[in-house]
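Structural features, examined
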Amino acid sequence: MSEVINSIEMGLGRIPNDRSLNDLVYNKLKRAIVTHQLEAGKPLVEADVATLLGVSKTPVRAALQRLELERFVERVPYSGTRVAELSPADVREIYEVRSALEGLAVTLATPLYTSQDIEHMKALLSAAEDALAASDIERARDLGSEWHAYLTRPSSNKFLRELLRMIESHVERSRTLTSRDLDSAKKSVQEHWAVLEAIEARQPELAERLLKIHLVRVDLDFESSEAPQRA
């Protein structure tokens, strides 16, 4: 097994042949990239990936083409295909789009939330606070991700839901980079509570504004933490 295969074997493993191979290979690779099991810049050689997964090169090639269109992998002239980099500028652009889409979603959804919806979101935030009290940032981050997903759930705009779904994996990939310290995570929970209070008061414009402020702050925190590395 080549050095390339050894470098990615922790993020991948053999898959069964009884389902659509194209989708299986695509989902396997994408998940490994989103969760950083396959790190930015990691080479992805068709033959090596195919051997590791126990499939032919055809579904691997199809998956890599699809992932390239979605900007999860990139082709470098004379070097082949590799996992796409995720720069501070990329994170900023992701959060600009996310802010616009989630802001609109919460505006449309605010009149539609039921009391059960609001109680569920409160429970998620309380659980996140408990996780942070135990210094479990990863658990708090997962709960925050679930809270954001639930936040946009009542929107009835199918095109908006589809656009949110399209950027969901990019948001997840960037989230593991932006939620880096306990103080930032605690600020996020506080900001989530503020958005939820505006929702409960049925103030959609305020909820949208507070949500956008929160997302801008998270992005700025990331850029600030990266500044010494870019200097």
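Residues numbered from 1 in each chain as written. Predicted model: local features only at pLDDT ≥ 70, side-chain atom pairs only at ≥ 80, totals over all residues. Heavy atoms only, no water.

1. With respect to the overall build of the chain
If you tally the helices and strands in the chain, you get 10 helices and two strands. Going from N to C terminus, the chain has its helices and strands arranged as α-α-α-α-β-β-α-α-α-α-α-α. Split into buried and exposed, the 231 residues of the chain put 44% on the buried side. Contacts spanning at least 24 positions in sequence make up 76% of the contacts within the chain whose residues lie at least 6 apart. Only carbon and sulfur atoms are counted for the fraction: they give 51% of the accessible area of the chain, which is about 12,200 Å². (Helix = DSSP H or I, 4+ residues; strand = E, 2+ residues; numbered from the N terminus. Buried < 20%, exposed > 50% of the residue type's maximum accessible area, 1.4 Å probe, protein only. Contact = heavy atoms within 4.5 Å. Areas by Shrake-Rupley, 256 points an atom, 1.4 Å probe, with all protein chains shown as cover.)

2. A closer look at the pattern of salt bridges
Applying the stated criterion across every chain, the model contains 13 salt bridges. Residues Glu-70 and Lys-30 are paired through a salt bridge, measuring 3.6 Å at the closest nitrogen-oxygen approach. Taken together, the residues Glu-70 in the loop between helix 4 (57–69) and strand 1 (73–76) and Lys-30 in helix 2 (residues 21–34) connect sequence positions 40 residues apart. Here Glu-70 falls in the partly exposed class, since its relative accessible area comes to 28%. The shortest N-O distance in the salt bridge between Arg-82 and Glu-74 comes to 2.8 Å. We classify Glu-74 as partly exposed; its relative accessible area is 24%. Residues joined in a network through salt bridges with shared partners are Glu-119, Lys-122 and Glu-200. (Salt bridge = Lys/Arg side-chain N within 4 Å of Asp/Glu carboxyl O.)

3. A short note on a negative patch on the surface
A surface patch of like charges, here negative, comprises Asp-136, Glu-138, Asp-142 and Glu-146. According to the relative accessible area criterion, Glu-138 is exposed, its value standing at 52%. (Patch = residues over 30% accessible without salt bridge, like charges linked within 9 Å, V, L, I, M, F, W, Y side chains within 5 Å. Lys, Arg positive; Asp, Glu negative; His and termini not counted. Charge placed at Lys NZ, Arg CZ, Asp CG, Glu CD.)

4. What about the packing of helix 3 (residues 46–53) against helix 4?
Running from N to C, helix 3 and helix 4 point in directions that differ by 115 degrees, and their axes come no closer than 9 Å. The chirality of how helix 3 crosses helix 4 is right-handed. The segment helix 3 lies against helix 4, with Glu-46, Ala-47, Val-49 and Ala-50 engaging Lys-57, Val-60, Arg-61 and Leu-64. Looking at the contact of helix 3 with helix 4 residue by residue, the classes come out as five nonpolar, no polar and three charged. (Axes fitted to C-alpha atoms, helices over the stretch in contact; angles between N-to-C directions. Left-handed = near helix turned anticlockwise from the far one by under 90°. Nonpolar A, V, L, I, M, F, W, Y, C, P; charged D, E, K, R; others polar.)

5. Remarks on unusual backbone geometry
A positive phi angle, close to 70 degrees, is found at Arg-71, a residue other than glycine. Here Arg-71 lies in the loop between helix 4 and strand 1. Arg-71 gets classed as exposed once you look at its relative accessible area, which sits at 57%.

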